[in-house]
Amino acid sequence: MSDEILSVDGLQVAYTSGRRTVEAVRGVDLSVPRGGIVALVGESGSGKSSVSQALVRRLPENGSITGGAIRFDGVDLTRVRERTLRRIRGGQIAFVPQDPNASLNPVMRIGEQIAEQIRLHAGMSRADAAKRAVEILGDVGIPHPEVRAAQYPHELSGGMKQRVLIGMAWSCDPRLVIADEPTSALDVTVQRRVLDQIEQLAETRGTAVLLVTHDLGVAKDRAQHVVVMQQGLVVDQGTTADVLGTPRTDYTRELVAAAPGLTTRRLEPTLEGDSPAEPVTHRPLLEVVGLRKTFAQGEDTFVAADDVSFVVPAGQTVALVGESGSGKTTTARMAARITQADGGLVLFRGKDITDLRGAGLREWRRSVQVVYQNPFGSLDPRMSVEALIAEPLRAFRIGSRPERARRVRDLLDSVRLPSTVAERLPAELSGGQRQRVAIARALALQPELLVLDEPVSALDVSVQTQILQVLVDLQAALGLGYLFITHDFGVVRQISDHVVVMRQGRVVEQGPAERMLTRPESDYARELIEAVPGAL
Amino acid sequence: MIRRLLRPTTLLSLLIVLIAAVMALAPGLLAPGDPLAGVTGDRLLAPGLAHPFGTDALGRDVYTRTVHGAFLSLAAATAAVLVGGIAGGAIGLVCGALRGRVGTTVDFVVMRFVDVLIAVPGILLALIVVATLGFGPWSIALGVGLGAAGSFARVMRAQVLRVRGEEYVEAAATLGVRPLTVLGRHILPNAMRPVLAMAALELGTAILSVSTISFLGFGVQPPSPEWGALVSDGRDYIATAWWLTVLPGAVIVCVVLAVTRLARVIGVER
């Protein structure tokens, strides 16, 4: 018996679509020691998910293993029959999926779903399995397990569902658990509890875990070994301290530098020489006072935002932070006059614009522009990059056609995109490039304030930092004010001057970024900051 | 897409539609004879080498008449789809755009009228229009088109409502683009595709409806050839000269099937 529960040698995976073959994994070697936690990290497209799926031969239909060996406890999984493999899956190798909301059968009670697996692999009777299912729910820290076992998935929160799935993964005492981005759909505080759960189960049961993640902070906190993948190849692997502590390859160094949880400072502008002509005075630009918004929810009313007040000074970044459901996006939408507030005031340069309408509102939009979270949704798929960026100019009849074309080139340049992308359609750009286009478009009218709604949360970490750097540089050059909505304290650290923490529609605490990040007064803000993976 | 186009049924449909198009636009290429000239001695001849579809009671070549009849049938059907698509599309666009803003009531009232329009059988509606405006292929086209307008309005409205919820539409508004420009530049182009797919599907139905009404005798006046009228002419001789009804009828069936098949292929490829 070797010390390794899993060893992969020269694994190759290819996908075919039509006549094209894409090699997603090009010879990967990795091993997982018995009872150890190994993190497989990489950005989207690195092939890390393909590896995790190939391990139990669960690739999409057009994918296949084209070479290499996967030894699980001495057995080569690439060669065994499907029947044998079926017993191994779920029994000896278990899976924790990425999206808990899509991974439970919505019409089956929680308890039954766990019991089904136990009966299948351990051959327990129906009654025993049901009893065991309740115990498992208790083990993963779900309160009132007997009640929960009789409920349906929609009655549980995302974090609870992920615990149920973790409980299911461990229900048959597997020797290896593959967790593919188990927490990327969850809020940070929930993420921490879920990861604690995985770590504790791995320790008490002696289970090996292969943790697939894009988040270096998670890898650093939880794994003993780290394998870094890039473009289908392993670029570095070793103990966590070796790989992440003193990065040996350029790529790992870049990733570590980009990981928001691991950096400590605000990004500095990287402009050559020219600082703004006049010293920036931080007079208040946007001010919201006592904003309130309620939504009808059946018979009840749901208070999305209640008595929210803060100020965005010119030339500075205010980060509006909170977990899902905290009301941060609703607040930002009221501040940007996309949704009408039920109560409170929005002041811009001291002028009340809460009830501005029609032409006045349209004119005001020149000074305040919005960048959305999802760069795949906020750009009209039928328009070229040039038409997209020129649209606000056309809307306000600014410049002639050649003048607008020149301005588009300048704007592309300011977000560091080559002018060759002007002719392309959004579908031909990467996520990061699209978000740059969205920023360029927001800048076209030379606004004074940008409202940025989670502008980097859909992007890979290295791209995230590039975009944040662009924003910081633009702020220094143009004196822009930012209202920056995010759930990620790592990002807050990189960009903000002032932090507003929201929870359940209310402002919990606000203050200068430096103090908020080091000495938060409220327990909730402290909990949020400590939950960031990789934080000290 | 390519693979789906290369399927035998699709290729066959494409071929049939192409032939139908040639019949309508350049009938002389396929049937150089005169569709109106009959040879009295050649009355009611069975299909043969000289007359592939046989001859009718006046000794006219049925094949030539079928080929030359394609124009009126297909043109009327196309016109019907255009009328229905443009009228229905406009109604749907306006209702979809107004709903939830200034015109929720307008939307409600107009869409109830549309419901009534859809509830009335299309053929009946077309007959009413023809009876009001007078016989002829163009009033048939108008009638059939009105019958289809309701469905077009519904599809267009649903699409407009869907696209209105897209983030890029909201983004355009926050950029300061005027509402009408947003409608024309973002909403309409992105809502069009399902409507176009439906138009292709409706074309098959329209060919059938136009032929049906002509068959009933409300269409072109003799002696000009038209598919429905040809089938109708042969009705009196069905016991003795089956080819007069069966062969033009078979042509109608083939073209309608082919058009519908192609529409499905296009519609799925969204």
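What counts and how
Residues numbered from 1 in each chain as written. Chains lettered and ligands numbered in written order. Predicted model: local features only at pLDDT ≥ 70, side-chain atom pairs only at ≥ 80, totals over all residues. Helix = DSSP H or I, 4+ residues; strand = E, 2+ residues; numbered from the N terminus. Buried ≥ 20, exposed ≤ 12 C-beta atoms within 10 Å, placed from the backbone. Contact = placed C-beta atoms within 7 Å. Pairing = 2+ DSSP bridges. Axes fitted to C-alpha atoms, helices over the stretch in contact; angles between N-to-C directions. Nonpolar A, V, L, I, M, F, W, Y, C, P; charged D, E, K, R; others polar. Parallel < 35°, antiparallel > 145°, perpendicular 65-115°, else oblique. Left-handed = near helix turned anticlockwise from the far one by under 90°. pLDDT = per-residue confidence, 0-100. Core = buried A, V, L, I, M, F, W, Y, C linked by C-beta atoms within 7 Å. Expected span 1.5 Å × (residues − 1). Arc of directions from axis to C-beta.

Enquirer: Sorry if this is basic, but what is going on with the overall build of chain A here?
Expert: Along the backbone of chain A there are 19 helices and 20 strands. Projecting the C-alpha coordinates of chain A onto the three principal axes gives extents of approximately 70 × 55 × 45 Å. Within chain A, the proportion of its 536 residues that are buried is 45%. At a minimum sequence separation of 6, the contacts of chain A that also span at least 24 residues come to 70%.

Enquirer: Looking at this structure, how should I read the overall build of chain B?
Expert: Looking only at helices and strands, one finds 11 helices and zero strands in chain B. In sequence order, the secondary structure elements of chain B are arranged as α-α-α-α-α-α-α-α-α-α-α. On the principal axes, the C-alpha backbone points of chain B span a range of 80 × 45 × 25 Å. Here chain B holds 270 residues, and the buried ones make up 47% of them. For chain B, the proportion of contacts with a sequence separation of at least 24, taken over those separated by at least 6, is 68%.

Enquirer: So what exactly am I meant to see when it comes to the sheet that holds strand S15 (residues 351-352) of chain A here?
Expert: Sheet strands pair by backbone hydrogen bonding; their relative direction is either parallel or antiparallel. Residue and element names in this part refer to chain A. As summarised here, the arrangement of the four strands in space is S12-S11-S14-S15, forming an open sheet in which the pairing is antiparallel. Of all strands in the sheet, those with a lone pairing partner are strand S12 (300-313) and S15, marking the two edges. Note that strand S11 (residues 284-297) and strand S14 (residues 343-348) share five bridges and pair antiparallel. Bridge pairing in S14 links Glu287 to Leu347. Here helix H11 (residues 328-335) sits on the sheet in contact with S11, S12 and S14, set at roughly 120° to S11.

Enquirer: It is not clear to me how the interface of chain A and chain B should be interpreted in this structure. Could you clarify?
Expert: A common way to state how big an interface is: give the accessible area lost once the parts meet. Contacts between the two partners involve 19 residues from chain A, matched on the other side by 15 residues from chain B. Within the residue set of the side of chain A that touches chain B, elements represented by two or more residues are strand S16 (368-371) and helix H13 (385-395) of chain A. It is H13 of chain A that contributes the most residues to the side of chain A that touches chain B, three residues altogether. A per-class count over the side of chain A that touches chain B returns eight nonpolar, four polar and seven charged.

Enquirer: Hey, could you run me through the packing of helix H10 (residues 250-258) of chain A against helix H16 (residues 461-478) of chain A in this one?
Expert: Each pair of packed helices can be summarised by the angle the axes make with each other and by the distance between the axes. Residue and element names in this part refer to chain A. For the pair H10 and H16, the least separation of the axes is 8 Å and the interaxial angle reads 55°. One element, H10, and the other, H16, form an angle in the oblique class. The way H10 lies across H16 gives a crossing that is left-handed. Contacts between H10 and H16 pair Glu254, Leu255 and Ala258 from the former with Val461, Ser462, Gln464 and Thr465 from the latter.

Enquirer: Explanation requested: the confidence of the model for chain B in the structure shown.
Expert: Low pLDDT marks regions whose predicted coordinates should not be analysed in detail. For chain B, per-residue confidence averages 89 on the pLDDT scale, and 97% of positions sit at 70 or higher. Across the interfaces of the predicted complex, the ipTM metric reaches 0.75, alongside a pTM of 0.78.

Enquirer: It is not clear to me how the nonpolar core should be interpreted in this structure. Could you clarify?
Expert: Across soluble globular proteins, you tend to see nonpolar side chains buried next to one another. By size, the foremost hydrophobic cluster in this structure holds 150 residues, and its most contacted members are Leu320, Val451, Leu483 and Val500 of chain A together with Ala80 and Ile207 of chain B. Counting residues per element, this core draws most heavily on helix H4 (residues 62-98) of chain B, which supplies 15 residues. When near neighbours in sequence (up to four residues on either side) are disregarded, Ala80 of chain B contacts Ala141, Val144, Gly145, Ala148, Ala206 and Val210 of chain B. Judged by nonpolar contacts, the second largest core, of 80 residues, contains Leu30, Ile88, Ile198 and Ala219 of chain A.

Enquirer: Quick question: what am I supposed to make of helix H6 (residues 122-133) of chain B here?
Expert: Note on helix geometry: an α-helix contains 3.6 residues per turn, so any two residues three or four positions apart are oriented the same way. Residue and element names in this part refer to chain B. Spanning 12 residues, H6 covers 16 Å between terminal C-alpha atoms, matching the ideal 16 Å at 1.5 Å per step. Among the residues of H6, Gly122, Leu125, Ala126, Val129 and Val130 are the ones counted as buried. Down the axis, H6 shows its buried residues gathered within 135° of arc, on one side only. Exposed and oriented more than 90 degrees from the buried face of H6 are Leu124, Ala131 and Thr132. A positive backbone phi angle near 105° is found at Gly134, which sits one or two residues after H6.

Enquirer: Help me understand the pairing of strand S13 (residues 317-321) of chain A, please; the structure alone is not making it clear to me.
Expert: Looking along a regular strand, one sees the side chains alternate between the two faces of the sheet. Residue and element names in this part refer to chain A. Within S13, five of the five residues are buried, leaving the element largely enclosed by the surrounding structure. By the alternation rule, side chains of S13 split into Thr317, Ala319 and Val321 and Val318 and Leu320, which are all buried. The sheet contact formed by S13 and strand S18 (residues 481-486) spans five bridges and is parallel. Bridging across to S18, Val318 finds its partner in Leu483. In terms of strand pairing, S13 meets strand S19 (residues 498-503) through four bridges, oriented parallel. Residue pairing for S19: Leu320 is matched across the bridge by Val500.

Enquirer: Any chance you could explain H11 of chain A here in plain terms?
Expert: All names here are of chain A. When you tally the buried positions in H11, you get eight out of eight residues, the bulk of the element. Of the residues making up H11, those classed as buried are Lys328, Thr329, Thr330, Thr331, Ala332, Arg333, Met334 and Ala335. Backbone geometry just downstream of H11 places Arg337 in the positive-phi region, at approximately 60°.

Enquirer: Mind showing me how you'd approach the sheet that holds strand S20 (residues 506-512) of chain A here?
Expert: Residues and elements named next belong to chain A. Spatially, S16-S17-S18-S13-S19-S20 is the arrangement adopted by the six strands of the open sheet, whose pairing is mixed. The sheet is open, and its two edges are formed by S16 and S20, each paired on a single side. Looking at each pair of strands side by side, their axes are set apart by 15° on average, direction ignored. Pairing of strand S17 (residues 449-453) with S18, which is carried by five bridges, proceeds in the parallel orientation. Residue pairing in the sheet places Leu452 in a bridge with Phe484 of S18. Most of the contacts of H11 go to S18, to which it runs at about 155°, and overall it touches S13, S17, S18 and S19.

Enquirer: Looking at this model, I keep getting lost on unusual backbone geometry. Mind explaining?
Expert: For residues that are not glycine, phi is negative in most cases, and the peptide bond is trans in most cases. Residues and elements named next belong to chain A. For Arg416, which is not glycine, the phi dihedral falls at a positive 60°. Looking at the element boundaries, Arg416 is found in the loop between helix H14 (401-414) and helix H15 (431-443). Judged by local crowding, Arg416 falls into the partly exposed class, with 13 C-beta atoms found within 10 Å. You will see that Gln504, though not glycine, has its phi angle at about 50°, which is positive. Structurally, Gln504 can be placed in the loop between S19 and S20. For Gln504, a count of 15 C-beta atoms within 10 Å puts it in the partly exposed group.

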